[in-house]
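Coordinate analysis (summary)
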Amino acid sequence: MIKKLLIANRGEIALRIMTSAKELGMKTVVVFSEADRDSMPVQLADEAYCIGPAKPQDSYLNMAAIMSAAEISKADAIHPGYGFLSENPRFAEAVEAEGLIFVGPSPQHIRLMGDKQRARKTMESLGVPVLPGSDGVVNRIGEARRIAEKIGYPIILKAVAGGGGRGMRIINSPAELEENFKTAQREAYLAFNSQDLYIEKYIERAHHVEVQIIGDGENVVAVGDRECSMQRRHQKIVEEAPSPFISQRTREKMLETVEEASRKLGLKSLVTFEFLVDEEENFYFIEANTRIQVEHPVTEQVTGIDLVKEQLLVASGEKLSFSKEDVIVRGHAIEARINAEDPRSFTPSPGKIHFLFFPGGNGIRIDSAVFQGYEIPPFYDSMIAKLIAYGRDRNEALHKLEVALKHTSIVGVKTNLPLLLSLLKSAKFRSGNYTTRFLEEEFIW
Ligand code: ADP
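Fair warning: this is a prediction, and the values are worked out from it, not measured in the lab.

**A few points about the site of the ligand**
Contacts to the ligand come from 21 residues, most closely from G165, H208, Q231, E274 and E287. At 2.7 Å, a side-chain N or O of E274 approaches an oxygen atom of the ligand. Those elements that place two or more of their residues in the shell around the ligand are β6 (155–163), β7 (166–171), β8 (197–201), β12 (268–277) and β13 (283–289). If one sorts the elements of the shell around the ligand by residue count, β6 sits on top with three residues. Within the shell around the ligand, the residues separate by chemical class into seven nonpolar, seven polar and seven charged. The residues that make up the shell around the ligand include at least three from each of domain 2 (132–201) and domain 3 (207–442).

Right, dumping it as structure tokens:
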């Protein structure tokens with residue numbers, strides 16, 4: 001078993017990982033930037049090491065500094081959390097090269113899934129449906145034109161190395177393609193160091209439904225699905241488990257398809273397979289994430305499985321503590337991401353939290369690392385808390401979420417609480433049948 005775990009992350013996910021690690025009897029080490037000196041993970045870890053200035057490039061993305069902290073602290077494993085270095089295969093390799101455990105899939109699997117076009121081709125070859133599109137990277141506009149004609153507009157241009165909702169462009173006509181192709185290449189190069197693009201058919205009324213899998217090298221189990229269609233600029237805001245949209249039949253087919261493909265690939269650790277589901281419930285793989293996800297708590301609430309604990313067990317070389325038959329989805333969970341930002345313009349609102357209150361109660365879970373008097377630094381993501389409500393059914397979860405959000409009080413910075421509360425009231429959201437464009441195009445408040 002891992003004895004000492006270094007957590008190469010910050011904020012709520014650093015605390016979330018720390019909790020499971022401590023419950024398993026591990027010692028915990030966190031690394032932090034100068035801006036995070038007074039943060040909660042630093043106060044609660046057994047050891048903490050400063051790895052550099054505030055800018056992510058100089059600290060949380062600084063592999064050499066993180067590796068030195070691992071050496072000094074004599075940690076035997078590194079958990080990368082999400083974001084930062086979590087999906088960087090070179091980091092996983094560097095960790096393993098030092099004889100440490102990287103808590104995640106193998107570097108080969110991270111590399112495979114990090115190349116979205118290769119991932120798409122691989123999944124297709126394993127019998128997982130993908131959207132019509134290019135066969136490989138599309139370098140020339142002529143080629144793009146031909147493919148677009150064949151599959152029909154609208155299409156979406158995607159950066160092979162893209163992520164985090166960036167590097168995508170929806171193209172509605174040949175004229176738009178002419179206008180956008182070169183810019184998309186240039187943008188991809190600037191953002192991801194690779195100008196490679198591929199093409200997919202764009203689905204206008206799509207649901208984003210994802211499947212969580214966990215493997216221990218021998219056994220691979222799908223632990224249910226999540227609906228993540230509530231998005232702004234391709235970034236999730238509210239997530240639920242199970243998806244209120246798909247039928248039981250579609251669900252079973254999706255889980256089975258993913259489980260089968262993951263088994264063939266020999267996947268280890270946590271991997272999420274993201275799908276777009278159209279109105280007729282056809283599902284198409286879009287990408288896989290090889291790390292713990294922000295929205296993992298909704299799966300934990302409905303299954304009772306501690307995903308981080310299982311991830312740590314598997315990384316330690318143990319078997320999963322449960323089998324496929326033990327996965328029973330009960331009730332419904334909804335997560336709302338609370339961001340420190342202007343709820344209308346979405347501009348980040350860093351600064352000091354003068355007053356803070358989070359409610360508790362039956363079925364309410366708060367994953368957060370902020371506290372009264374905490375100063376939210378301007379250098380990182382604006383998400384400061386996740387409020388997760390669990391109920392016996394979706395309606396109960398909705399009611400619990402609404403009351404809990406109303407009872408939440410954050411003074412000193414602007415937050416998206418008013419937006420979340422309005423969303424909860426909308427009939428469309430309450431119906432459970434909302435698409436990825438709902439928030440940006442249909443929702444008025
Ligand atoms: P990222 O890695 O940046 O999160 P994804 O490939 O997971 O990118 O896509 C993120 C979101 O973008 C999806 O949830 C969906 O809203 C939208 N999207 C991506 N591909 C398509 C497509 N082919 N048709 C419609 N929407 C898409």
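Okay, back to it.
**With respect to the packing of aromatic side chains**
Summed over all chains, the structure comprises twelve aromatic pairs. Ring centres of Y60 and Y380 lie 5.7 Å apart, and the angle between their planes is 80°; this geometry places the pair in the edge-to-face category. A residue pair is termed long-range when its members are at least 10 positions apart, and Y60 in the loop between β3 (47–52) and α3 (63–73) and Y380 in the loop between β18 (375–376) and β19 (383–391) qualify at 320 residues. Residue Y60 shares its accessibility class with Y380, and that shared class is buried. Ring plane angle 85° and centroid distance 5.6 Å describe the contact between F275 and F283, whose orientation is recorded as edge-to-face. When its relative accessible area of 7% is taken as the criterion, F283 is described as buried. Through successive ring pairs, a cluster of aromatic residues spans Y60, F84, F379 and Y380. The ring of F346 carries the charged tip of R232 above its face, separated from the ring centre by 3.7 Å.

**Some details on the domain arrangement of the protein**
For the protein, the domain assignment lists domain 1 (4–103), domain 2 (132–201) and domain 3 (207–442). Distance between the C-alpha centres of domain 2 and domain 3: 29 Å. When domain 2 packs against domain 3, the two sides together hide about 450 Å² of surface, and 52% of this comes from carbon and sulfur. Inspection of the domain 2/domain 3 interface yields zero salt bridges.

**Here we look at the sheet that holds β6**
Spatial strand order, β7-β6-β8: three strands in an open sheet with antiparallel pairing. Edge positions in the sheet fall to β7 and β8, since each of these pairs with one other strand and no more. Here the strands of the sheet are splayed against their neighbours by 25° on average, with no regard to which way each runs. Bridge analysis of β6 against β7 gives five bridges, and the strand direction is antiparallel. Across the sheet, K158 pairs through a bridge with M168, a residue of β7.

**Comments concerning the packing of α3 against helix α4 (residues 89–97)**
At their nearest, the axes of α3 and α4 sit 11 Å apart, and the two run at 30° to each other. Judged by the angle between their axes, α3 and α4 are roughly parallel. The interaxial crossing formed by α3 with α4 has right-handed handedness. For the pair α3 and α4, contact is made by M63, I66 and M67 and by R90, F91, A94 and V95, respectively. Here the contact of α3 with α4 is built from residues that sort into six nonpolar, no polar and one charged.

**Observations regarding the pattern of salt bridges**
Applying the stated criterion across every chain, the model contains 37 salt bridges. With a closest N to O distance of 2.9 Å, E93 and R111 form a salt bridge. Taken together, the residues E93 in helix α4 and R111 in helix α5 (residues 107–114) connect sequence positions 18 residues apart. Among the residues examined, E93 registers a relative accessible area of 33% and is labelled partly exposed. A salt bridge links E200 to R120; the nearest nitrogen and oxygen atoms lie 3.7 Å apart. Placement of E200 in strand β8 and of R120 in helix α6 (residues 116–125) is noted, with a sequence separation of 80 residues between them. Through salt bridges with shared partners, a single ionic network connects E210, R226, K236, E239, E274, E295 and R337.

Analysis parameters
Residues numbered from 1 in each chain as written. Predicted model: local features only at pLDDT ≥ 70, side-chain atom pairs only at ≥ 80, totals over all residues. Heavy atoms only, no water. Near = heavy atom within 4 Å. Polar contact = N/O pair within 3.5 Å; in protein donor to acceptor, adjacent residues only side chain to side chain. Helix = DSSP H or I, 4+ residues; strand = E, 2+ residues; numbered from the N terminus. Nonpolar A, V, L, I, M, F, W, Y, C, P; charged D, E, K, R; others polar. Domains from an automatic or database assignment. Phe/Tyr/Trp six-rings, centres within 6.5 Å; stacked < 30°, edge-to-face > 60°. Buried < 20%, exposed > 50% of the residue type's maximum accessible area, 1.4 Å probe, protein only. Lys NZ or Arg CZ within 6 Å of the ring centre and 35° of its normal. Buried area = accessible area lost by both parts, 1.4 Å probe. Salt bridge = Lys/Arg side-chain N within 4 Å of Asp/Glu carboxyl O. Pairing = 2+ DSSP bridges. Axes fitted to C-alpha atoms, helices over the stretch in contact; angles between N-to-C directions. Parallel < 35°, antiparallel > 145°, perpendicular 65-115°, else oblique. Left-handed = near helix turned anticlockwise from the far one by under 90°. Contact = heavy atoms within 4.5 Å.

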